[in-house]
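What follows is each chain in one-letter form.
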2 protein chains.
Amino acid sequence: MSFSPLIRQLIDALRILPGVGQKTAQRMALHLLERDRSGGLRLSQALARAMDGVGYCQQCRTLSEDALCPQCSDPRRDDSLLCVVEGPLDVFAVEQTGYRGRYFVLKGHLSPLDGLGPEAIGIPELEQHIARGRFSEVILATNPTVEGEATAHYIAQLLAPRGLSLTRIAHGVPLGGELELVDGGTLAHAMAGRRPIGG
Amino acid sequence: MSFSPLIRQLIDALRILPGVGQKTAQRMALHLLERDRSGGLRLSQALARAMDGVGYCQQCRTLSEDALCPQCSDPRRDDSLLCVVEGPLDVFAVEQTGYRGRYFVLKGHLSPLDGLGPEAIGIPELEQHIARGRFSEVILATNPTVEGEATAHYIAQLLAPRGLSLTRIAHGVPLGGELELVDGGTLAHAMAGRRPIGG
Ligand SMILES: [Zn+2]
Ligand SMILES: [Zn+2]
């Protein structure tokens, strides 16, 4: 008992956020109720608008409410470079390095044990996207994990016949880590040190 | 750039939550968008309902959308015991000890340097509440911090002429800590070991 129903429901709902347990959810709920109701209402609206309005970019397949995301709709970017990543947060991470080419966003990595093959993560769409574009280099920037490496090598083999330059970000990124957690300097170094990847 | 406007607004709005910085907010936003949109909508509704609907219990002044909170509306509780705490989270913490008397919830503690005197934290209302009730014991369960101790002693002096039993939770709770962070066992022990407090 002890909290009234609306407060209990708010605490329960906050627990859907990753990393938020019961005590943290209680502190968040009480903080908003006691000190920041206008912030709480703003968060409510931002959630409703984003959950209802955000879909996927038609070109790179990152999350976006517009048909084209900010990266795809920017005419000043280099159309000859394509950077392939596992998810939208990786786009943000790679942007911090100063990269100004295009992107393609997979739905994670190949994971045969979980039944996630090439179709499940969008590799056919990647192939179509490359066939339609005029890329000279495809940078495989999947995570430096076992699965990310395997995904990069699978794509490299698939694209080898196209005569593109296929590169992999250098192992400046710590092995076993996740790209989105790497600091910008390390990732910039890894981007600069990218090298051809064998099919 | 890199995130579309609705996603950027969601990330900004999530940062109002205590302890949530930019990276955590990004992970939360993308988690909801990619894996739990229905949870995100449920959180949006829970926030809107709580921010608009929750006020204060007329009796104990804890947060509640009803005129009386669950503790005040429960007829089976002991009307002769009153537990005075600094905030709604402390009610939750004291409930875990098995306490089944009544509560009065202050708005924090006395803090003269911040201009927070007895009126600002609701001590006149506490006096009225005690005058109207038929309490035989008032348990001062403010935080075991310097400010919480000072607040307990101030209230004890104020109430001394009333001939009530005035007790303070025992110093089983770690000095300098916050009540809501103490584990239930320690707090139960401190409640059991409460002792009279001099005016
Ligand atoms: Zn795009
Ligand atoms: Zn109440």
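Within each chain, residue numbers correspond to sequence positions counted from 1 in written order. Naming scheme: in the order in which they are written, chains are lettered from A and ligands are numbered from 1. Since the coordinates come from a predicted model, pLDDT governs what is reported: local features require at least 70, and pairs of side-chain atoms require 80 or more to be given and counted, while whole-chain, interface and lining totals use all residues. To obtain the side-chain values, all non-hydrogen atoms of the structure were included, while hydrogens and water were left out.

**Here's the deal with the coordination of the zinc ion (ligand 2)**
Residue and element names in this part refer to chain B. Any N, O or S atom lying within 2.8 Å of the metal counts as a donor, with the limit raised to 3.2 Å for Na, K and Ca; because water is left out of the atom set, some sites can appear incomplete. Surrounding the zinc ion (ligand 2) are the protein donor atoms Cys57 (SG), Cys60 (SG), Cys69 (SG) and Cys72 (SG), which sit 2.3 Å from the metal. For four-coordinate sites, all angles between 85 and 135 degrees define a tetrahedron; for four- and six-coordinate sites, opposite donors beyond 155 degrees with the remaining angles between 65 and 115 define square planar and octahedral shapes respectively, and all other cases count as irregular. Geometry at the zinc ion (ligand 2) is tetrahedral, judged from its 4 donor atoms and the angles of 103 to 117° they form at the metal. Counting the intervening residues between successive donors of the zinc ion (ligand 2) yields the motif C-x2-C-x8-C-x2-C. Remark: Cys72 occurs in the loop between β2 (63-64) and β3 (78-85) and Cys57 occurs in the loop between β1 (55-56) and β2; sequence separation between them is 15 residues. For the pair shown, Cys57 and Cys72 are each scored as buried. Secondary structure follows DSSP: runs of H or I at least 4 residues long count as helices, runs of E at least 2 residues long count as strands, and numbering of each begins at the N terminus. Three labels apply to residues, based on accessible area from a 1.4 Å probe with only protein chains included: buried if under 20% of the type maximum, exposed if over 50%, partly exposed otherwise in between.

**Examining the domain arrangement of chain A**
Where a domain begins and ends is set by an automatic assignment or by a domain database. Each domain of chain A was delimited in the assignment, giving domain 1 (5-53) and domain 2 (63-168). A separation of 34 Å is found between the C-alpha centroids of domain 1 of chain A and domain 2 of chain A.

**Observations concerning the sheet that holds strand β6 (residues 165-168) of chain A**
Residues and elements named next belong to chain A. With mixed pairing, 5 strands are arranged side by side in an open sheet as β4-β3-β5-β6-β7. The open sheet has two edge strands, β4 (101-105) and β7 (195-196), and neither has a second partner. One requirement defines pairing of two strands: DSSP has to find at least two bridges between them. Strand direction decides the pairing type here: strand β3 (residues 78-85) and strand β5 (residues 137-140), joined by 4 bridges, are parallel. Across the sheet, Cys83 pairs through a bridge with Ile139, a residue of β5. Lying on the sheet, helix α6 (residues 146-159) is in contact with β3, β5 and β6; it crosses β6 at an angle near 175°. Throughout, a residue-residue contact means that at least one pair of heavy atoms, one from each residue, lies within 4.5 Å. Lines fitted to C-alpha atoms define the axes, with helix axes restricted to the stretch in contact, and inter-axis angles between N-to-C directions lie between 0 and 180 degrees.

**Concerning the coordination of the zinc ion (ligand 1)**
Residues and elements named next belong to chain A. Looking at the zinc ion (ligand 1), the protein donor atoms are Cys57 (SG), Cys60 (SG), Cys69 (SG) and Cys72 (SG), and they sit 2.2 to 2.4 Å from it. Taken together, the 4 donor atoms surrounding the zinc ion (ligand 1) define angles of 103 to 118° at the centre, an arrangement classified as tetrahedral. Ordering the donors of the zinc ion (ligand 1) by residue number gives the pattern C-x2-C-x8-C-x2-C.

**Points about the interface of chain A and chain B**
Every contact between the two is made by 57 residues of chain A and, on the other side, 56 residues of chain B. We define buried area as the total accessible area lost by two parts upon association, computed with a 1.4 Å probe and summed across both. Taken together, the two surfaces of chain A and chain B that pack against each other cover about 5,600 Å², and 69% of this comes from carbon and sulfur. It is A:Leu6, A:Ile16 and A:Met51 that lose the most area in chain A upon contact with chain B, and together they represent 12% of the buried surface on that side. Counted as salt bridges are all cases of a side-chain nitrogen of Lys or Arg within 4 Å of a carboxyl oxygen of Asp or Glu. Linking chain A with chain B are 0 salt bridges. The definition of a polar contact used here is a pair of N or O atoms within 3.5 Å, where within protein one atom must be able to donate a hydrogen and the other to accept one, and adjacent residues in sequence count solely through side-chain atom pairs. Our count for the contact surface shared by chain A and chain B stands at 11 residue pairs in polar contact (both at pLDDT 80 or more). Looking at the side of chain A that touches chain B, the elements that each hand over two or more residues are α1 (5-14), α2 (22-35), α3 (37-53), β2 (63-64) and α4 (88-95) of chain A. Element by element, the count of residues in the side of chain A that touches chain B is highest for α3(A), at 15 residues. Under this grouping Gly is polar, as are all residues other than the nonpolar Ala, Val, Leu, Ile, Met, Phe, Trp, Tyr, Cys and Pro and the charged Asp, Glu, Lys and Arg. When grouped by side-chain class, the residues that make up the side of chain A that touches chain B number 33 nonpolar, 11 polar and 13 charged.

**Focus: the packing of helix α5 (residues 123-132) of chain A against α6(A)**
All names here are of chain A. Interhelical geometry of α5 versus α6 gives an angle of 45° and a closest axis separation of 12 Å. As the angle between them shows, α5 and α6 are arranged oblique. In this structure, α5 crosses over α6, and the sense of that crossing is right-handed. Between α5 and α6, the residues in contact are Ile123, Leu126, Glu127 and Ile130 and Tyr154, Ile155, Leu158 and Leu159, respectively. Each angle receives one of four descriptions, namely roughly parallel if under 35 degrees, roughly antiparallel if over 145, roughly perpendicular if within 65 to 115, and oblique otherwise. Crossings are classed by handedness, with left-handed meaning an anticlockwise turn of the near helix from the far one by less than a right angle and right-handed meaning a clockwise turn.

**Details of the relation of the copies chain A and chain B**
Aligned on chain B, chain A shows an RMSD of 0.0 Å; the corresponding rotation is 180° and the shift along the axis is 0.0 Å. What the superposition gives is, in effect, a two-fold axis relating one chain to the other. Residue A:Ser44 of chain A places its C-alpha closer to the rotation axis than any other residue of that unit, at 2.1 Å. When the interface residues of chain A are mapped onto chain B, 98% of them are again interface residues, pointing to one common binding face. Copy-to-copy alignment: least squares on C-alpha atoms, limited to residues at pLDDT 70 or above in both.

**Looking at the pattern of salt bridges**
Residue and element names in this part refer to chain A. Per the stated rule, a full pass over the model turns up 12 salt bridges over all chains. Asp79 serves as the salt-bridge partner of Arg102, at 2.7 Å between the closest nitrogen and oxygen. Taken as a pair, Arg102 in strand β4 and Asp79 in strand β3 lie far apart in primary sequence, 23 residues in all. Bridged by salt links that share partners, the residues Arg77, Glu95 and Arg100 form one connected network.

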